[in-house]
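Remarks on the overall topology
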Amino acid sequence: MLVARDIEAFVKEDWSMIAEDFIEENFIGIDGQNKSDPDGWVLSFPNLEAYKTEWLKQAKIFNEVKWAGDPKAMYLQVTILNDIEIREDKALAHKKFIGSFVKANGEREVANWQTVYYCRCINGTWKITGFTGYLPHFTGSVAEKMERQIQFTTQAVQHKTAGPYSPVLIIDPARLVVISGQAAIAVDGNIVGDTIETQARKTLDNCKKQLAFAGCSLDDVFKVNVYMKDLADWPVFNEVYKKYFNNPLPVRTAVQTGLLEKLLVEIELWAIKKIVS
């Protein structure tokens, strides 16, 4: 009801597919407007008809966009419904939207909110009595804890020849994003460039693209692992690397190792998603 049928009806702009999933009497819908402070929440849907009107409007706008893939599949990919609390004939369901929709032109629309549904079981069938939607994933003190903080060490610990990295970062892992090792490989599978400078740029650009899919950027990265074919290329690599990251710089590890084919460098990134408030 809350995932498969709702999504299929939305991409088909067919309210009749879900009309029976609601209890019209005393229905209420609150728009959290992506704000953690309840003072910013709005009673946008005082009745089911008001919600139906907005639902159809949003479905039409969604389907006017040319998407890179199957809209239904993309919606299913970003939707998570793991938490449902049931007490007697009532239930509280937490549906989260995490990820991004890819347009045909390559642009991405990030999904980063959650909706709490209030449900009731009527004659053995669960139905929706209302909801509070467009909420940020975390609120209040939890959001404050999610901010990335840097822990500075003493000069005795951080050696004088240190490069563009932070010695220590303290991270709350609740919104962890990890991308696989990236290299200077184009979408057609061919290696780009035969110098460390060219490959470093292409590799970091590929890292940016992977992070964007998860709704992140290089500014959200806190850990970098660098694998190089020859550490003699390190000075040149470092000059390229410094142009991609801002303070507080991620912590970093670099090793020399064998790489596939003619690759000179591979980079793995760890990031933490920002909170929308």
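For the structure, check the block above.
The sections below set out a description of the structure shown in this document. (Residues numbered from 1 in each chain as written. Predicted model: local features only at pLDDT ≥ 70, side-chain atom pairs only at ≥ 80, totals over all residues. Heavy atoms only, no water.)

1. Describing the sheet that holds strand β9 (residues 176–182)
Note the cut-off: At least two bridges found by DSSP between two strands is the condition for calling them paired. A run of DSSP states H or I qualifies as a helix once it reaches four residues; a run of E qualifies as a strand once it reaches two. Both are numbered from the N-terminal end. Orientation is described by lines fitted to C-alpha atoms, with helices fitted over the stretch in contact, and by angles between N-to-C directions that extend from 0 to 180 degrees. In what follows, a contact means two residues having at least one pair of non-hydrogen atoms within 4.5 Å.
Pairing is mixed across the open sheet formed by four strands, whose spatial order is β9-β12-β10-β11. Only two strands of the sheet have a single neighbouring strand rather than two, namely β9 and β11 (251–256). Between one strand axis and the next, the sheet turns by 10 degrees as a mean value, whatever way the strands run. In this sheet, strand β12 (residues 265–272) lies alongside β9 in antiparallel orientation, the contact comprising five bridges. Across the sheet, residue Leu176 finds its bridge partner in β12, namely Ile272. The strands that helix α5 (residues 196–213) touches are β9, β10 (221–228) and β12; relative to β12, the one it contacts most, it runs at about 30 degrees.

2. Digging into the sheet that holds strand β4 (residues 90–102)
One open sheet accounts for six strands, arranged β2-β1-β6-β5-β4-β3; its pairing is mixed. At either end of the open sheet lies a strand with only one pairing partner, and these are β2 (42–45) and β3 (79–87). The mean angle between the axes of side-by-side strands here comes to 25 degrees, regardless of whether they run parallel or antiparallel. As defined by bridge partners, strand β5 (residues 108–122) adjoins strand β6 (residues 125–135) across eight bridges and the pair is classed as antiparallel. Bridging from a neighbouring strand, Val116 pairs with Thr132 of β6. Sitting on the sheet, helix α3 (residues 71–78) is in contact with β3, β4 and β5, with an inclination near 120 degrees to β4.

3. Looking at the pattern of salt bridges
Note the following rule: What counts as a salt bridge is simple: a side-chain nitrogen of Lys or Arg found within 4 Å of a carboxyl oxygen of Asp or Glu. Exposed residues in this analysis have more than 50% of their type's maximum accessible area, buried residues have under 20%, and partly exposed residues fall in between, with area computed by a 1.4 Å probe over protein chains only.
Taken as a whole, this structure holds 10 salt bridges when the rule is applied. The salt bridge involving Lys60 is made with Glu64; its shortest N-O contact spans 2.5 Å. With a gap of four residues between them, Lys60 and Glu64 both fall in helix α2 (residues 48–64), about one helical turn apart. In this structure, Asp83 engages Lys96 in a salt bridge whose closest nitrogen and oxygen atoms are separated by 3.5 Å. A residue pair is termed long-range when its members are at least 10 positions apart, and Asp83 in strand β3 and Lys96 in strand β4 qualify at 13 residues. A residue is classified by how much of its surface remains accessible, and Asp83, at 39% relative accessible area, is partly exposed. Members of the salt-bridge network, linked through shared partners, are Glu8, Lys12 and Lys72.

4. Some thoughts on the packing of helix α1 (residues 4–12) against α2
Put simply, the rule is: In these notes the angle categories are as follows: under 35 degrees is roughly parallel, over 145 is roughly antiparallel, 65 to 115 is roughly perpendicular, and the rest is oblique. In this classification, Asp, Glu, Lys and Arg are treated as charged, Ala, Val, Leu, Ile, Met, Phe, Trp, Tyr, Cys and Pro as nonpolar, and every other residue, Gly included, as polar.
Viewed as axis vectors pointing N to C, α1 and α2 meet at an angle of 70 degrees, and their least axial separation amounts to 8 Å. As the angle between them shows, α1 and α2 are arranged roughly perpendicular. Here Asp6, Ala9, Phe10 and Val11 of α1 come into contact with α2, specifically with Trp55, Gln58, Ala59, Phe62 and Asn63. Among the residues making up the contact of α1 with α2, the classes are represented as six nonpolar, two polar and one charged.

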